[in-house]
Amino acid sequence: MILLIIGLLIFSLFSYFAYLIFVKPYVRNKWYVKQYGKICKPIYYPILGNIKFVRESFKKYGDSLQWIRELLKNDNDVQFLIGYNNIHIVDAQLAKDITLNNLQNIRKDMGMQFGDLLFKQGIVFSEGEKWKKQRQILSHSFSFDVLKNRVSKINNIVKEMINKIQIEEGKPTKIVTECTKITAEVVLRSFFGERFSQQQHKGINLGIYLAQLLLSVFDQTRRLRMLIPSFFFPKFMSKIFADEKYYEVQKNCIEFRQLIEKEVNLRIENYDQNKTQKDFLDILVDEYKLNYSKNDGKVEEYITKESIIHQFIVFFFAGMDTTGNLTGIMLYWVSKRKDIYEKLVQEIKSVFGQNKDPEINDEQLKKLNYCHMFIQECLRYHCPAMLLFTRRAERDFYIGDNILVQKGMQVNISLHGVLRREKYFQNPDEFIPERFSEENKKNINHLAFIPFSSGPKNCIGQHMALIEAKIILVQFILNFDITNNENVPLKMDSNSLYCPVNDELLFLKRKQ
Ligand code: HEM
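Along each chain, residues carry numbers from 1 onward, in the same order as the chain's sequence is written. Local features are withheld for residues below a pLDDT of 70 in this predicted model, meaning they are given only at 70 or higher, and side-chain atom pairs are given and counted only at 80 or more; totals for whole chains, interfaces and linings count all residues. The basis for every side-chain value is the complete set of heavy atoms in the structure, and neither hydrogens nor water enter the calculation.

Draft legend 1. A look at the site of the ligand. Lining the immediate environment of the ligand, one finds 23 residues, of which Trp131, Arg135, Phe389, Arg391 and Cys459 sit closest. At a separation of 2.7 Å, an oxygen atom of the ligand approaches a polar side-chain atom of Arg135. Going through the elements one at a time, helix H6 (128-139) and helix H15 (305-336) are the ones with two or more residues in the shell around the ligand. Residue classes follow a fixed rule: Ala, Val, Leu, Ile, Met, Phe, Trp, Tyr, Cys and Pro count as nonpolar, while Asp, Glu, Lys and Arg count as charged, and any other residue, Gly among them, counts as polar. For the shell around the ligand, the per-class residue count stands at 13 nonpolar, 6 polar and 4 charged. We call a residue near a molecule or strand when any one of its heavy atoms sits within 4 Å of it. Under this definition, polar contacts are N or O atom pairs within 3.5 Å; protein pairs additionally need one hydrogen-donor-capable and one acceptor-capable atom, and for neighbouring residues in sequence, both atoms have to be side-chain atoms. By definition, any uninterrupted DSSP run of H or I lasting at least four residues is a helix, any uninterrupted run of E lasting at least two residues is a strand, and each is numbered from the N terminus.

Written as structure tokens, this is what we have:
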């Protein structure tokens, strides 16, 4: 009898999982296709989900996102793909409908280990009023008019970091790695100023240490051992499956946080209201102090010390890797396409003359029209962000022409599904900076050029990214001869970002 009950229990459990994994998504996908016809494409694959398409695409094309481009080729009707419990938006109008009109219906899924320690209170994962207030404090500092006063500082950091690049004769340079060291330093010093940023932690430069720490957090999140328990009761199950490696990363996160906390406390204790050259931490401390005195010694949730610590880590991870990948890829195109290289050199000469070590200012940056078009094409063609952060539907809601998004579904906006689509860009798989010229850009649907997303939660750092990208481009072209490494073809994978698998893509030779 007992055996029979145990057998029945196992059978029921098995049937339930089989229903969840195979039957429910199959039935739902059939329903979507029947309901919405050719605007919907099912991409369901049991157990492996999207991983199957991504892996096969990488094997076949050396590009893990090519599958989505192939799927949409010659098919302008498709607006969304439907997978295992997720809806994948590939239409510019629908993307706007979500990022602009449905913020109240969706919530970002953090889906990362140690999020409570590092990110949760920062702007990226905040919602509602808390997010609004955090965005308000920082928006002004990230406007172009304020950032233009930082151009000279950013230029100095870029020059300093470029001088440190070690080049061995005959050996290729890991270009994304080198660019990411520069962009890490720019975010670090923009947030904390010079004094704190020049410290070391465990004998390593702070920016490099944090970049490595974040990488270990992403690796930890992706480990199969941690991935499986993350589906059910993630907090509880992570602890059950945790091993030595997990606790080591956790310890490193705690230690690094303590270092930042000390600096935040120091800045609060030695508060100087009249400081003229403010970094981002000063701006947050101003708000902390204001809120503290307004609320008789208490602070609201949006500006606690904890949220300031998380804010820094969020800005660092949002600003370092993205811009590092963009600039690395830009230099790859410079090395690959002689015609583009020559146009860039010509324009840089016309703006800076024969000066090999210019003090770059914002007026000069504005004159770099071809550089701007080139950067925009890099953002379109190789946008470092593949998707927006996954959102989850908080309730049933409708988008576009009565398309149902069911409560609990994951909502993905595929930037590459839009940016590399024939429907929006002529010859989307060709690299053509001129498509963004004054004359041609009239033909571009502005809703479709969304490398920085759209709506109120778009990228707050986009002007800073473009300023950095232009300065890095100018400085590399002025300082180096750049040639392509024919032995390493560009292969793109999608990890936390869309990035080259092997970034030894070019040779640098310092100009005399
Ligand atoms: C090429 C460079 C960059 C790209 C392609 C990029 C892309 C994006 C995208 C697509 C989003 C929207 C994410 C979502 O809603 O799921 C975003 C948000 C954000 N980005 Fe960037 N970004 C770049 C550089 C930067 C830089 C330099 C910073 C700051 C130093 C930054 C800070 C942020 C922050 C704080 C958010 C969250 C904004 C909010 O939720 O209100 N990003 N970025």
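Draft legend 2. How the structure looks around the sheet that holds strand S4 (residues 106-108). Two strands are counted as paired when DSSP detects at least two bridges linking them. Reading across the sheet, the 6 strands line up as S1-S2-S3-S10-S7-S4 and stay open at both edges, with mixed pairing between neighbours. The open sheet terminates on both sides in strands that have one partner only, identified here as strand S1 (40-42) and S4. For this sheet, the mean inter-axis angle between neighbouring strands, taken without regard to orientation, is 30 degrees. With 2 bridges connecting them, strand S7 (residues 391-393) and strand S10 (residues 410-413) associate as antiparallel partners. Note that in S10 the partner of Arg392 across the bridge is Gln410. Under this scheme, a helix contributes an axis fitted over its contacting stretch, all axes are lines through C-alpha atoms, and angles between N-to-C directions fall in the 0 to 180 degree range.

Draft legend 3. Main features of the coordination of the iron atom of the ligand. Only nitrogen, oxygen and sulfur atoms qualify as donors, and only when within 2.8 Å of the metal (3.2 Å in the case of Na, K and Ca); with water excluded, sites may look incomplete. Of the protein atoms, Cys459 (SG) alone serves as a donor to the iron atom of the ligand, at 2.3 Å. Mapped onto the fold, Cys459 is located in the loop between helix H19 (415-419) and helix H20 (462-479).

Draft legend 4. Structural context of helix H16 (residues 338-352). Here the expected span of a helix is defined as 1.5 Å times the quantity of residues minus one. A rise of 1.5 Å per residue sets the reference length of H16, with its 15 residues, at 21 Å; its end C-alpha atoms lie 21 Å apart and thus fit the reference within 8%. Residue burial is assigned from relative accessible area. The probe radius is 1.4 Å, only protein chains are included, and a residue is buried under 20% of its type maximum, exposed over 50%, and partly exposed in between. Among all positions of H16, only Ile340, Tyr341, Leu344, Glu347, Ile348, Val351 and Phe352 are buried. On an axial view of H16, the arc spanned by its buried residues comes to 135 degrees, and they lie on one face. In H16, the exposed positions that point more than 90 degrees away from the buried face belong to Lys338, Gln346 and Ser350. Here a residue-residue contact requires only that any non-hydrogen atoms of the pair lie within 4.5 Å. On its buried side, H16 packs onto H15, helix H17 (362-367), helix H18 (369-381), H20 and strand S11 (480-484). At the exit of H16 stands Gly353, carrying a positive phi of roughly 60 degrees. Directions pointing from the helix axis toward each C-beta atom define the arc.

Draft legend 5. Structural context of the packing of helix H9 (residues 175-197) against H20. In the contact formed by H9 and H20, the axes pass within 12 Å of each other and the chain directions differ by 130 degrees. In terms of their interaxial angle, H9 and H20 are classed as oblique. Every pair of crossing elements has a handedness; the one defined by H9 and H20 is right-handed. Contacts between H9 and H20 pair Ile175, Ile182, Thr183, Val186, Val187 and Ser190 from the former with Met464, Glu468, Ile472 and Phe476 from the latter. Tallied by class, residues from the contact of H9 with H20 come to 7 nonpolar, 2 polar and 1 charged. Reported orientations rely on four angle classes, namely roughly parallel under 35 degrees, roughly antiparallel over 145, roughly perpendicular from 65 to 115, and oblique for the rest. Left-handed describes a crossing whose near helix is turned anticlockwise from the far helix through less than a right angle; right-handed describes the clockwise counterpart.

Draft legend 6. Expanded view of unusual backbone geometry. Unlike most non-glycine residues, Lys202 shows phi in positive territory, near 55 degrees. Relative to the assigned elements, Lys202 resides in the loop between strand S5 (200-201) and strand S6 (204-205). Positioned with a positive phi, Asn427 is a non-glycine residue whose angle comes to about 45 degrees. By the secondary structure assignment, Asn427 is in the loop between H19 and H20. Accessibility expressed as a relative area gives 38% for Asn427, which makes it partly exposed.

Draft legend 7. Broad picture of the packing of H9 against helix H10 (residues 206-222). Close contact between H9 and H10 brings their axes to 9 Å; oriented N to C, the two are set at 125 degrees. With respect to each other, H9 and H10 are oriented oblique. Crossing handedness for the pair H9 and H10: right-handed. Note on element contacts: H10 touches H9 through Leu206, Gly207 and Ile208, opposite Lys181, Ala184, Leu188, Phe196 and Ser197. A per-class count over the contact of H9 with H10 returns 5 nonpolar, 2 polar and 1 charged.

Draft legend 8. Seen up close, the environment of Leu213. Of note, Leu213 is situated in helix H10. With relative accessibility at 5%, the residue Leu213 sits in the buried group. Between the alpha carbons of Leu213 and Lys289 there is a distance of 30 Å; along the sequence they are 76 residues apart. Those residues in contact with Leu213 that sit more than four places away from it in its chain are Val249, Asn252, Cys253 and Phe256.

Draft legend 9. Geometry of the nonpolar core. Here the nonpolar core consists of buried residues drawn from Ala, Val, Leu, Ile, Met, Phe, Trp, Tyr and Cys, with membership extended through side-chain atoms lying within 4.5 Å. Judged by nonpolar contacts, the single largest core of 147 residues is most densely connected at Phe80, Phe312, Phe374, Phe476 and Ile482. Per-element accounting of this core gives the leading share, 16 residues, to H15. Residues within four places of Phe476 in sequence aside, it is in contact with Ile162, Ile165, Ile175, Ile182, Leu331, Ile482 and Leu508. Counting 8 residues, the second largest nonpolar core, distinct from the first, contains Ile68, Leu72, Val78 and Val90.

Draft legend 10. Up close: the pairing of S11. Of the two faces of S11, the one holding Phe480, Ile482 and Asn484 is buried and the one holding Asp481 and Thr483 is not buried anywhere. Here S11 runs beside strand S14 (residues 506-510); their pairing, made up of 5 bridges, is antiparallel. Its bridge partner being in S14, Asp481 is matched across the sheet by Lys509.

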